[in-house]
Amino acid sequence: MARAPGEEHAPAPGVARLTGGALVAAASFVAALGGLLFGYDTGVVAAALPYISDAFALGETMKQVVTAALLAGAVAGVIVGGKLADRFGRKRTLTGVTVLYALATLGSAVAPATGWLIVSRVFLGVAIGISSLVVPTYIAELASPRNRGRLVSLHQFMVTVGILMAYLVGYGLSESASWRWMIGVGVLPAVLMSVGLLALPESPRWLLSHDREAEARGVLVRTRRADEVEAEISEIREAVRAEGRITYRELLGPRYRRWVSVGVVAAGASQVVGVNAIIYYVPTILEDEGFGKTAAIGVSVAIGVVNVLFTLPALLWIDRVGRRPWILGGTAVIVLALVVIGIVFLFPLQGATVSWLIVVLMIYESAFACSLGIAIWLVNSEIFPNNVRGQAASFGIVTHWAMNLVVSLTVLTLISALGASVVFWIYALLGALCLGYLYRWLPETKNRSLEEIEASLTADRSDSTRTH
């Protein structure tokens with residue numbers, strides 16, 4: 001039986017009654033489960049690594065390789081993810097990703113040897129890389145300008161929830177050293193997301209860019225006020241017609257180079273400040289300083305709680321306050337916290353020094369959660385042309401994962417060679433450089449449609465260093 005136009009992307013019966021903001025919010029939440037998977041599968045290594053190390057007799061180098069295998073896969077995932085999302089659609093790409101998530105998670109959990117574990121984590125990383133690119137893009141394209149910042153930031157909030165879940169599961173299973181169960185629990189949200197995706201509509205912007213106007217109109221009718229539908233279709237159509245098909249070479253040309261660089265710096269800044277040195281290795285570093293395994297994981301749990309709590313203010317108010325105040329203010333606090341962390345590590349970790357370290361780590365993580373943690377996804381989902389948003393955003397997201405990989409492969413080695421103080425001061429310096437660049441070039445995009453942002457950032461490069 002032939003399908004009516006738009007039926008292929010109509011919501012499943014379970015959400016058939018949802019319209020407007022409720023449908024957009026529900027779709028954003030389901031898509032953001034990709035962030036929860038991302039957070040859980042990247043965070044669980046912090047709790048599991050000490051036990052994996054014991055099980056497979058890993059040295060410092062192999063600890064870093066096991067951790068970084070996921071990140072290498074994520075780089076590959078981002079590289080292919082943009083093309084997949086632009087060719088096959090956001091929804092279909094995410095559906096395939098959930099299957100890969102589940103299979104790679106199971107493979108990691110049952111790994112009989114280090115090689116198997118590394119390969120499984122590479123494939124898990126591919127799924128995470130694709131998801132980290134496509135989820136914010138999908139939400140940004142479905143949301144209205146009024147709540148786009150809040151809904152895209154839901155992805156980062158779910159990342160922090162996933163990290164906290166990983167820490168809690170790791171803490172709960174630490175006494176039994178059940179690292180396989182720590183990893184295997186990640187299958188559950190993958191299954192939940194896979195089922196939820198069946199009910200979601202496709203991105204209307206992707207549909208219009210592929211000449212499927214009837215289907216795009218069907219989605220917008222369900223997600224916008226009646227008086228907004230035709231105006232938005234016309235706006236998207238004009239943007240697509242004006243841009244045509246843009247190549248990677250054109251994206252790196254004079255017209256777009258500045259905005260690609262903003263996406264890259266926002267993404268790179270989130271990693272060069274060393275956040276994943278803390279997320280992945282705090283238990284290992286503290287254990288090396290004399291902490292017990294359970295106590296070291298307990299510190300990670302506290303960091304995870306702070307991460308979640310301080311993502312909420314940005315989530316709730318970023319559309320009201322704007323992007324620049326959150327991102328720039330938080331980055332400044334991060335740089336100062338890194339300087340202090342370096343000072344603390346000059347002294348033996350005992351008594352008052354431990355208390356100081358934990359307090360400063362909490363300040364660092366809270367500032368990161370409401371600034372750079374959100375910036376990478378929000379900036380890279382907003383500032384690029386509709387018809388190549390997946391490809392263009394991949395420049396920033398691949399930078400995120402590449403720098404994540406570099407940090408993960410080097411942090412323990414650098415700490416052994418240079419000392420923790422010098423390493424954290426290096427992160428502070430790199431963060432300060434990124435802060436200066438973002439202060440100069442980061443645009444303010446609150447309360448603007450994606451088409452308005454695109455027009456303002458490409459019309460006159462000499463007048464587009466700020467958008468108001």
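Residues numbered from 1 in each chain as written. Predicted model: local features only at pLDDT ≥ 70, side-chain atom pairs only at ≥ 80, totals over all residues. Heavy atoms only, no water.

- Named according to an unreviewed UniProt entry, the chain is Sugar porter family MFS transporter originating from Saccharopolyspora karakumensis.
- The Subcellular location (unreviewed entry) comment attached to the chain in UniProt states, word for word, "Cell membrane". (UniProt positions renumbered as here; feature names shortened; annotations may be inferred.)

### So, the overall build of the chain
Part 1: Each helix and strand counted, the chain has 20 helices and zero strands in total.
Part 2: Split into buried and exposed, the 468 residues of the chain put 62% on the buried side.
Part 3: Just so you have it, the chain exposes about 17,300 Å², and 68% of that area is on carbon and sulfur atoms. (Helix = DSSP H or I, 4+ residues; strand = E, 2+ residues; numbered from the N terminus. Buried < 20%, exposed > 50% of the residue type's maximum accessible area, 1.4 Å probe, protein only. Areas by Shrake-Rupley, 256 points an atom, 1.4 Å probe, with all protein chains shown as cover.)

### A few points about helix α4 (residues 114-142)
Part 1: Taking 1.5 Å of rise per residue, 29 residues should cover 42 Å, and α4 covers 42 Å from first to last C-alpha, within 8% of that figure.
Part 2: Within α4, 24 of the 29 residues are buried, leaving the element largely enclosed by the surrounding structure. (Expected span 1.5 Å × (residues − 1).)

### Regarding the pattern of salt bridges
Part 1: Counted under the stated rule, the structure contains eleven salt bridges.
Part 2: Here Arg-90 makes a salt bridge to Asp-86, at a shortest N to O gap of 2.8 Å.
Part 3: For Asp-86, a relative accessible area of 9% puts it in the buried group.
Part 4: Three or more residues joined by partner-sharing salt bridges are found here, namely Glu-213, Arg-217, Glu-230 and Arg-237. (Salt bridge = Lys/Arg side-chain N within 4 Å of Asp/Glu carboxyl O.)

### Things to note about the side chain of Ser-120
Part 1: As for its position among the elements, Ser-120 is in helix α4.
Part 2: A distance of 3.4 Å separates a polar side-chain atom of Ser-120 from the backbone oxygen of Gly-107. (Polar contact = N/O pair within 3.5 Å; in protein donor to acceptor, adjacent residues only side chain to side chain.)

### Let's talk about the environment of Ala-214
Part 1: Position of Ala-214 among the secondary structure elements: in helix α9 (residues 213-223).
Part 2: Given a relative accessible area of 41%, Ala-214 falls into the partly exposed group.

### Topic: the packing of aromatic side chains
Part 1: Inspection of the entire model under this criterion finds four aromatic pairs.
Part 2: Ring geometry for Phe-38 and Trp-401: centres 5.0 Å apart, planes at 45°, overall tilted. Here Phe-38, found in helix α1 (residues 20-56), pairs with Trp-401, found in helix α18 (residues 389-418); they are 363 residues apart in sequence, far enough to count as distant. Like Trp-401, Phe-38 is buried.
Part 3: When the ring centre of Tyr-439 is taken as reference, the NZ or CZ atom of Arg-324 above it lies at 5.6 Å.
Part 4: In this structure, Arg-440 packs its charged tip against the face of Trp-441, placed 4.1 Å from the ring centre. (Phe/Tyr/Trp six-rings, centres within 6.5 Å; stacked < 30°, edge-to-face > 60°. Lys NZ or Arg CZ within 6 Å of the ring centre and 35° of its normal.)

### Section: the environment of Val-273
Part 1: Note that Val-273 resides in the loop between α12 (257-272) and α13 (275-288).
Part 2: Leave out the neighbours within four places in its chain, and Val-273 touches Ile-334, Leu-338, Tyr-364, Phe-368, Leu-372, Tyr-427 and Gly-431. (Contact = heavy atoms within 4.5 Å.)

### Section: the confidence of the model for the chain
Part 1: Here the chain shows a mean pLDDT of 83. Residues at 70 or above account for 87%.
Part 2: Counting contacts from residues 1-16, a segment whose pLDDT is below 50, to residues more than four positions away or on other chains yields 21 contacts.
Part 3: For the stretch residues 460-468, pLDDT sits under 50, and the model shows 24 contacts to residues farther than four places along the chain or on other chains. (pLDDT = per-residue confidence, 0-100.)

### Re the packing of α12 against helix α19 (residues 420-441)
Part 1: Running from N to C, α12 and α19 cross one another at 150°; their axes reach a closest spacing of 9 Å. In terms of orientation, α12 and α19 fall into the roughly antiparallel class. Here the hand of the crossing between α12 and α19 comes out left-handed. For the pair α12 and α19, contact is made by Arg-258, Trp-259, Ser-261, Val-262, Val-265, Ala-266, Ala-269 and Val-272 and by Tyr-427, Leu-430, Cys-434, Tyr-437, Leu-438 and Trp-441, respectively. (Axes fitted to C-alpha atoms, helices over the stretch in contact; angles between N-to-C directions. Parallel < 35°, antiparallel > 145°, perpendicular 65-115°, else oblique. Left-handed = near helix turned anticlockwise from the far one by under 90°.)

### Remarks on the nonpolar core
Part 1: Counting 129 residues, the largest nonpolar core has Tyr-101, Tyr-364, Leu-372 and Trp-401 as its most contacted members.
Part 2: For this core, the element with the most residues is α4, which contributes twelve residues.
Part 3: For this core, the domains that each give at least three residues are domain 1 (19-200) and domain 2 (246-458).
Part 4: Excluding its chain neighbours within four sequence positions, the residues that come into contact with Leu-372 are Ala-269, Ser-270, Val-273, Ile-327, Thr-331, Ile-334 and Leu-438.
Part 5: One finds Ala-48, Leu-117, Ile-118 and Ala-166 within the second-largest nonpolar core, a separate group that totals 18 residues. (Core = buried A, V, L, I, M, F, W, Y, C linked by side-chain atoms within 4.5 Å. Domains from an automatic or database assignment.)

### Considerations on the packing of helix α5 (residues 148-172) against helix α17 (residues 372-382)
Each pair of packed helices gets described by two things: the angle between the helix axes and the distance between those axes.
Part 1: The N-to-C vectors of α5 and α17 enclose an angle of 130°; their axes lie 9 Å apart at closest approach. As the angle between them shows, α5 and α17 are arranged oblique. Of the two possible hands of crossing, α5 and α17 adopt the one that is right-handed. For the pair α5 and α17, the contacting residues are Arg-148, Gly-149, Val-152, Ser-153, His-155 and Gln-156 in the first and Gly-373, Ile-374, Trp-377, Leu-378, Ser-381 and Glu-382 in the second.

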